[in-house]
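Structural characterization, general
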Amino acid sequence: MIPAADDPQTRTALTGYLAGALRWLAGGLIAVVLGVLLGAAAVTIARNSGQRVPLAGLVVLVLVMVGSVAAAAGAGALARHHRWERALQTVPWQTGVLRIAGPAVLSFEPEGYDELDPLAEPVRLRLTSTAVWRTRAVQQLHDAVVRAAPVGPREWVLTADGLPTLYGARSVRHH
């Protein structure tokens, strides 16, 4: 068994995911800092000149709110990256075919899966990302051969040759 993390493409995909996480975190923090600085500048201008800066309060509010959300998303992605990296050091990739049943509903059929076997079940997954571009990127993998690995009790990651990142999904209980 070769751990998935030992694959050079996996390391590249993990690095791509990490870069995205750091961009969100840094961008969010920069927006918050700019909002605070703009707020301080607007207060100073108002105090010294007695004139208000038009729309400064709204811009400060938007920068701080959006920046906080982006920083939280980046911090979450950073935590996911570290969790996935640790898990991929202990499990191998499973190769199989990815079937798309809806915008974020996936079915992973591992190599050797026989759809005519009544006891065989594909791994039913729901994409965890809500970003439209990530969902569309995964949808383009319909009927493609992908690599998947479990990284938690109900969490999986997916990638394919040529993809610069990893995609997270949760297993769905079949009723």
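Residues numbered from 1 in each chain as written. Predicted model: local features only at pLDDT ≥ 70, side-chain atom pairs only at ≥ 80, totals over all residues. Heavy atoms only, no water.

**Overview of the overall build of the chain**
Here is the rule we go by: Helix and strand assignments come from DSSP, with helices taken as H or I runs of at least 4 residues and strands as E runs of at least 2, each series counted from the N terminus. Two things to know: the radius of gyration comes from C-alpha atoms, and the globule rule equals 2.2 Å times the number of residues to the power 0.38. Partly exposed residues are those whose accessible area sits between 20% and 50% of the maximum for their type, while under 20% is buried and over 50% is exposed, using a 1.4 Å probe and protein chains only. Should any heavy atoms of two residues lie within 4.5 Å, those residues are considered in contact. Residue exposure ignores everything except the shown protein chains as possible cover, and the areas themselves are Shrake-Rupley values with a 1.4 Å probe. The positive count covers Lys and Arg only, the negative count covers Asp and Glu only, and His and the chain ends enter neither. Charge positions are represented by NZ for Lys, CZ for Arg, CG for Asp and CD for Glu.
A count of helical and extended segments in the chain gives three helices and six strands. Each helix and strand of the chain, ordered N terminal to C terminal, gives the series α-α-β-β-β-α-β-β-β. In terms of overall size, the chain is more extended than a compact globule, its C-alpha atoms giving a radius of gyration of 22 Å where 175 residues would be expected to give roughly 16 Å. Here the C-alpha coordinates of the chain stretch approximately 80 × 35 × 25 Å along the principal axes. Looking at the 175 residues of the chain, the share that counts as buried comes to 37%. If you take every contact in the chain between residues at least 6 apart in sequence, the share linking residues at least 24 apart comes to 63%. When the accessible surface of the chain is split by element, carbon and sulfur atoms take 64% of a total near 10,400 Å². Side-chain charges in the chain split into 16 positive and 12 negative, and the spacing between the mean points of these groups amounts to 19 Å.

**Some details on the layout of surface pockets**
Threshold: Think of a 1 Å grid over just the protein atoms. A cavity is a set of points where a 1.4 Å probe fits yet cannot get out, a pocket is an open set with protein on both sides within 12 Å along at least five of seven lines, and lining residues have an atom within 4 Å of a point. Grid points are joined across faces, edges and corners, and a volume is the space filled by probe spheres set on the points. Classification convention: Asp, Glu, Lys, Arg as charged; Ala, Val, Leu, Ile, Met, Phe, Trp, Tyr, Cys, Pro as nonpolar; all other residues, Gly among them, as polar.
Volume-wise, the largest pocket comes out at about 550 Å³. Lining the largest pocket are 23 residues, and of these Tyr17, Ala77, Arg80, Ser129 and Arg134 sit closest to its centre. Listed by contribution, the elements that provide at least two residues to the lining of the largest pocket are helix H1 (8-49), helix H2 (56-88), helix H3 (132-139) and strand E6 (167-171). For the lining of the largest pocket, the element with the highest residue contribution is H1, accounting for six residues. A class-by-class count of the residues in the lining of the largest pocket yields 10 nonpolar, seven polar and six charged.

**Quick notes on the pairing of strand E1 (residues 94-100)**
For clarity, the threshold we go by: Any two strands with at least two DSSP bridges between them are considered paired.
In terms of strand pairing, E1 meets strand E4 (residues 144-150) through five bridges, oriented antiparallel. Residue pairing across strands places Thr95 opposite Arg147, the latter belonging to E4. Bridging between E1 and strand E2 (residues 105-110) involves five bridges; their strand directions are antiparallel. For Arg99, the partnering residue across the bridge sits in E2 and is Ser107. Once E1 ends, the chain turns through four residues before running back antiparallel as E2.

**Overview of the nonpolar core**
Cut-off, in case you're wondering: We call a set of buried residues a nonpolar core when its members are Ala, Val, Leu, Ile, Met, Phe, Trp, Tyr or Cys and they connect through side-chain atoms within 4.5 Å of each other.
Core analysis: the largest hydrophobic core is formed by 18 residues, its most contacted members being Leu98, Leu106, Phe108, Leu125 and Val138. Put simply, the parts of the chain that give this core at least two residues each are E1, E2, strand E3 (123-127), H3, E4, strand E5 (155-159) and E6. Per-element accounting of this core gives the leading share, three residues, to E3. Dropping the residues within four chain positions of it, Phe108 is found in contact with Gln94, Thr95, Gly96, Val97, Leu98, Pro122, Val123, Leu125, Val146, Ala148 and Trp156. Counting 17 residues, the second-largest nonpolar core is a separate cluster that includes Ala13, Ala77, Leu88 and Val157.

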